[in-house]
Structure formats: structure tokens, C-alpha cells
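Topology and contacts: notes
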Amino acid sequence: MPHERIRAGAGESNGKLFQSLKDKNVKSPIFDDNTSGLRIAINDVWTYQIYITRYKVNGNHFEMGLEYINYDHFGLDFPDIHKYDQDIFYASFVLQHFKNYKPFITKIDIVGELKGIL
């Protein structure tokens, strides 16, 4: 991977890519699949990073390498235990807030390519 990458991520407040996503009201992914386990592993994206790893223009055609890194954690706060109202959430809440257990973090790294016409 090249040393210089163009970056946009949740919480980043500068950069053309971030501003473009914000202007288009692009939201973080939310997974509500109840059958494959994806919702348990990464219910919604807590933070993300998007990198343009390479960029090439030939006439009016372009190619770019993209890397999407998504993170989620299974941290619970007080509204979560009211929302879900199940023993497993109560137990997790007590472990995290009173016994100093850290919630697990899920990281998904997706590498892809985008081609198009300018």
C-alpha cells in the first residue's frame, strides 16, 4: 500500500472526500440482518475510514483503488439496556461499567477498485 493516502472518515472534518460525502448526506452503514450474524458482529458502524490508495486519469477515464475500514464495538450505555430490556444486555452493561471489561471491537477492511468516466 502506498505511503500517501487520501483519507476521509467519521469524525474527520476536512478533506474533499469527507465534504462530498457530507454534502450528499451519506450515512454510515447499518446492518439489520437477523439471520447471518452480521448484526451481532457489526450492528452499525461506530467509525470508519476511507482511503483512496491510488488514482489514475487517462483522458476522461479514471481508475482508483479504495480501502474502506469500518469499526464497531459492542459497548452498551444506559439507553441500550432500556431499549433492548434483556438479561444479556444487563449482564454486558454491568461487566462494562462496573467490572471494567472492555467491549469487543469488530474491524472490517474492504479493498476495492472504482473506474468511471469524468
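Described in the following lines is the structure provided in the data block.

1. Observations concerning the environment of Glu-113
Among the secondary structure elements, Glu-113 is positioned in strand S4 (residues 105–117). Between the alpha carbons of Glu-113 and Arg-54 there is a distance of 9.3 Å; along the sequence they are 59 residues apart. The contacts of Glu-113, once residues within four sequence positions are left out, are Arg-54 and Met-64. Reaching out from Glu-113, the side chain makes a polar contact with the side chain of Arg-54 at a distance of 2.4 Å. A polar atom in the side chain of Glu-113 sits 3.5 Å from the side chain of Lys-115.

2. What to know about the layout of surface pockets
As a volume, the largest pocket reaches approximately 430 Å³. Elements that contribute at least two residues to the lining of the largest pocket include exactly helix H2 (38–41), strand S3 (61–73), helix H3 (78–84) and helix H4 (87–98). Looking at which element gives the most residues to the lining of the largest pocket, the answer is H3, with 3 residues. Tallied by class, the residues present in the lining of the largest pocket amount to 7 nonpolar, 4 polar and 5 charged. When its volume is computed, the second largest pocket comes out at roughly 250 Å³.

3. A short note on the environment of Gln-49
For Gln-49, the position within the fold is in strand S2 (residues 47–58). Residue classification places Gln-49 among the buried positions, given a relative accessible area of 16%. Remark: the alpha-carbon pair of Gln-49 and Asp-109, spanning 60 residues in sequence, is separated by 9.5 Å.

4. Quick word on a nonpolar patch on the surface
On the surface, a nonpolar cluster with roughly 320 Å² of combined accessible area is contributed by Tyr-55, Val-57 and Leu-118. Note on placement: Leu-118 falls in the segment after S4. Taking the relative accessible area as the measure of exposure, Leu-118 reaches 60% and is therefore exposed.

5. Some details on the packing of aromatic side chains
One pair of aromatic rings is described through two measures. These are the centre distance and the angle between the planes. Applying the stated criterion to the full structure yields 4 aromatic pairs. Ring geometry for Phe-74 against Phe-104: centres 5.4 Å apart, planes inclined by 10 degrees, an arrangement best described as stacked. One end of the pair, Phe-74, is in the loop between S3 and H3; the other, Phe-104, is in the loop between H4 and S4, with 30 residues separating them in the sequence. Judged by relative accessible area, Phe-74 falls into the partly exposed class, the value being 26%. With relative accessibility at 44%, the residue Phe-104 sits in the partly exposed group.

Rules and cut-offs
- Residues numbered from 1 in each chain as written.
- Predicted model: local features only at pLDDT ≥ 70, side-chain atom pairs only at ≥ 80, totals over all residues.
- Heavy atoms only, no water.
- Helix = DSSP H or I, 4+ residues; strand = E, 2+ residues; numbered from the N terminus.
- Contact = heavy atoms within 4.5 Å.
- Polar contact = N/O pair within 3.5 Å; in protein donor to acceptor, adjacent residues only side chain to side chain.
- 1 Å grid on protein atoms, 1.4 Å probe; cavity = no way out; pocket = protein on both sides within 12 Å on 5 of 7 lines; lining within 4 Å.
- Points joined across faces, edges and corners; volume = space filled by probe spheres on them.
- Nonpolar A, V, L, I, M, F, W, Y, C, P; charged D, E, K, R; others polar.
- Buried < 20%, exposed > 50% of the residue type's maximum accessible area, 1.4 Å probe, protein only.
- Patch = residues over 30% accessible without salt bridge, like charges linked within 9 Å, V, L, I, M, F, W, Y side chains within 5 Å.
- Areas by Shrake-Rupley, 256 points an atom, 1.4 Å probe, with all protein chains shown as cover.
- Salt bridge = Lys/Arg side-chain N within 4 Å of Asp/Glu carboxyl O.
- Phe/Tyr/Trp six-rings, centres within 6.5 Å; stacked < 30°, edge-to-face > 60°.

Any functional reading would require information that these geometric values do not contain.
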